[in-house]
Protein chains: 2
Amino acid sequence: MNLPATLLLAVSAAAFTLPASAQFAKPEDAIKFRQSALTVMGTYFSRLGAMANGKAPYDAAAAAADAEVVAMVSHLPWQAFGPGTDKGRETAARPEIWQEQAKFKDRAEKMQATVAEKLLPAAKSGSLEQLKAAFGPTAQSCKACHDDFRRK
Amino acid sequence: MNLPATLLLAVSAAAFTLPASAQFAKPEDAIKFRQSALTVMGTYFSRLGAMANGKAPYDAAAAAADAEVVAMVSHLPWQAFGPGTDKGRETAARPEIWQEQAKFKDRAEKMQATVAEKLLPAAKSGSLEQLKAAFGPTAQSCKACHDDFRRK
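The model shown is predicted, which means the values in this text are computed figures rather than measured ones.

Engineer: Break down the overall build of chain A for me, with residues and values.
Structural biologist: A tally of helices and strands in chain A yields six helices and zero strands. Each helix and strand of chain A, placed in order from N terminus to C terminus, yields the pattern α-α-α-α-α-α. A separation threshold of at least 6 residues defines the contact pool for chain A, and within that pool the share at least 24 residues apart is 74%. Carbon and sulfur atoms form 56% of the exposed surface of chain A, whose accessible area is close to 7,400 Å².

Engineer: Residues and numbers for the relation of the copies chain A and chain B, please.
Structural biologist: Superposition of the two copies of the chain requires a rotation about an axis together with a shift along that axis. If you rotate chain A by 180° and push it 0.0 Å along the axis, it lands on chain B with an RMSD of 0.0 Å. In short, the pair behaves as if placed about a two-fold rotation axis. Within chain A, S36 of chain A has its C-alpha nearest the rotation axis, a separation of 2.1 Å. A shared binding surface is used by both copies, with 100% of the interface residues of chain A retained as interface residues in chain B.

Engineer: With reference to specific residues and values, describe the packing of helix α3 (residues 60–73) of chain A against helix α5 (residues 101–124) of chain A.
Structural biologist: Residue and element names in this part refer to chain A. Their axes nearest at 7 Å, the elements α3 and α5 cross at an angle of 160°. Between α3 and α5, the crossing angle belongs to the class labelled roughly antiparallel. Like other packed secondary-structure pairs, α3 and α5 cross with a definite hand, here left-handed. Side by side, α3 and α5 meet where A60, A63, A64, A67, E68, V70 and A71 of the first sit next to V115, L119, L120, A123 and K124 of the second.

Engineer: Give a detailed account of the confidence of the model for chain A, specifying residues and quantitative values.
Structural biologist: Residue and element names in this part refer to chain A. Chain-level statistics for chain A give a pLDDT mean of 89 and a share of 86% at 70 or above. Counting interchain partners and residues more than four positions distant, the pLDDT-below-50 stretch residues 1–21 has 27 contacts. Model confidence for the complex is summarised by a pTM of 0.87, with the ipTM given as 0.86.

Engineer: Now, about the interface of chain A and chain B: what can you tell me, with residues and values included?
Structural biologist: Each partner contributes to the interface: chain A provides 19 residues, whereas chain B provides 19 residues. Summed over both sides, the interface between chain A and chain B buries roughly 1,700 Å², with carbon and sulfur atoms accounting for 68% of that surface. Applying the counting criterion to the chain A and chain B interface returns zero salt bridges. The interface formed by chain A and chain B includes four residue pairs in polar contact (both at pLDDT 80 or more). Of all the secondary-structure elements, those providing two or more residues to the side of chain A that touches chain B are α2 (27–52) and α3 of chain A. By residue number, the principal contributor to the side of chain A that touches chain B is α2 of chain A, which donates nine residues. Split by residue class, the side of chain A that touches chain B holds ten nonpolar, five polar and four charged.

Engineer: So what's going on with the packing of aromatic side chains? Which residues, and what values?
Structural biologist: All names here are of chain A. A complete count under the given rule lists 16 aromatic pairs over all chains for this structure. Arranged with centres 5.9 Å apart and planes meeting at 20°, the rings of W78 and F81 form a pair that is stacked. As far as the burial class goes, W78 and F81 line up, both buried. Ring geometry for W78 against F104: centres 5.8 Å apart, planes inclined by 70°, an arrangement best described as edge-to-face. Here the residue W78 occupies a position in the loop between α3 and α4 (96–99), and F104 occupies one in helix α5, the gap between them amounting to 26 residues. Note on accessibility: W78 and F104 belong to one class, buried. Among the aromatic residues, ring-to-ring pairing joins W78, F81, W98, F104 and F149 into one connected group. Between R47 and the ring centre of Y44, over which it is positioned, the NZ or CZ distance is 4.6 Å.

Engineer: Can you tell me about the side chain of S36 of chain A, naming the residues and giving the values?
Structural biologist: Along the chain, S36 of chain A falls in helix α2. For S36 of chain A, the residues in contact, after removing those within four places along its chain, are S36, T39 and V40 of chain B.

Engineer: Any chance you could break down the environment of T91 of chain A for me, citing the residues and the numbers?
Structural biologist: Residues and elements named next belong to chain A. With respect to the helices and strands, the residue T91 is situated in the loop between α3 and α4. Owing to a relative accessible area of 18%, T91 belongs among the buried residues under this scheme. The contact partners of T91, leaving out residues within four places of it in the chain, are I31, R34, Q35, D86 and R151. In this structure the side chain of T91 is engaged in a polar contact, spanning 3.3 Å, whose partner is the side chain of R34.

Engineer: Please set out helix α3 (residues 60–73) of chain B residue by residue, giving values where relevant.
Structural biologist: Taking 1.5 Å as the rise per residue, α3 of chain B with 14 residues should run 20 Å; its terminal C-alpha atoms sit 20 Å apart, in good agreement. Those residues of α3 of chain B lying buried are A62, A63, A64, D66, A67, V69, V70, A71 and V73 of chain B. Where α3 of chain B is buried, its residues meet α3 of chain A together with α2 (27–52), α5 (101–124) and α6 (128–149) of chain B. At the N-terminal boundary of α3 of chain B, the capping side chain belongs to D59 of chain B, with an oxygen 3.2 Å from the backbone nitrogen of A61 of chain B.

About the cut-offs
Residues numbered from 1 in each chain as written. Chains lettered and ligands numbered in written order. Predicted model: local features only at pLDDT ≥ 70, side-chain atom pairs only at ≥ 80, totals over all residues. Heavy atoms only, no water. Helix = DSSP H or I, 4+ residues; strand = E, 2+ residues; numbered from the N terminus. Contact = heavy atoms within 4.5 Å. Areas by Shrake-Rupley, 256 points an atom, 1.4 Å probe, with all protein chains shown as cover. Least-squares fit on C-alpha atoms with pLDDT ≥ 70 in both. Axes fitted to C-alpha atoms, helices over the stretch in contact; angles between N-to-C directions. Parallel < 35°, antiparallel > 145°, perpendicular 65-115°, else oblique. Left-handed = near helix turned anticlockwise from the far one by under 90°. pLDDT = per-residue confidence, 0-100. Buried area = accessible area lost by both parts, 1.4 Å probe. Salt bridge = Lys/Arg side-chain N within 4 Å of Asp/Glu carboxyl O. Polar contact = N/O pair within 3.5 Å; in protein donor to acceptor, adjacent residues only side chain to side chain. Nonpolar A, V, L, I, M, F, W, Y, C, P; charged D, E, K, R; others polar. Phe/Tyr/Trp six-rings, centres within 6.5 Å; stacked < 30°, edge-to-face > 60°. Buried < 20%, exposed > 50% of the residue type's maximum accessible area, 1.4 Å probe, protein only. Lys NZ or Arg CZ within 6 Å of the ring centre and 35° of its normal. Expected span 1.5 Å × (residues − 1).

Following this line, the structure appears as structure tokens:
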């Protein structure tokens, strides 16, 4: 299945500012991509959580490296929620994503800002206490979006 | 399903040097993670390919940013090919990955080196000619591993 050119144009002009390279040939490619990016981000965020919650030994170098992955990948999923990507592959994305674009965008941006401004500096500080303090607000910024925009 | 502690220990001591945080609770988590990382890497590598092959307009800033994603993510999948992760979820991984660990490791390392030493500098150079020159060898380093270790 190929998207018609008009839809590709619409994707480029979506509410999220998309670089020219951010187009996906098919909705299922976009869905697979965003799920993949969120899986990578979630895996590394969980590792930080295990350290913050005492379920894994604190390793300052690993924490810093893990947070670098979270920070980079935190920017990636959003380009793949363009118009027409609400179906095409199994997805937990709720229709509210496309009905309440401003709110969704706000949640996504708050998460990215929390990661960049709280989680990453804390993980690079070498202090477990700082990591613990940053983990909760970051997890809350994930949850705030999941609660409204992800199917249970 | 939970892995027995002995298998988790085996995963930690796998041929690939794993950080303490690189354990996966279940084989299916490892498979999902590596597929996700490879999907993210492949998406960004394809964007560079589209520019290199004249199928998308050359955008020097986008090329540099795309290559940064490829370079970071190129290091991530390999930790998730530990012992016992040959099944647990649909996977294109061939048994040869675990039977020919040294060869698989060599292929993975060559790809990472090609990305770091050829693709990334070329993408950051601002020169489309350099990107074109680096794209082929990098694609070959992907293919060399896929040919032997990925099911058709």
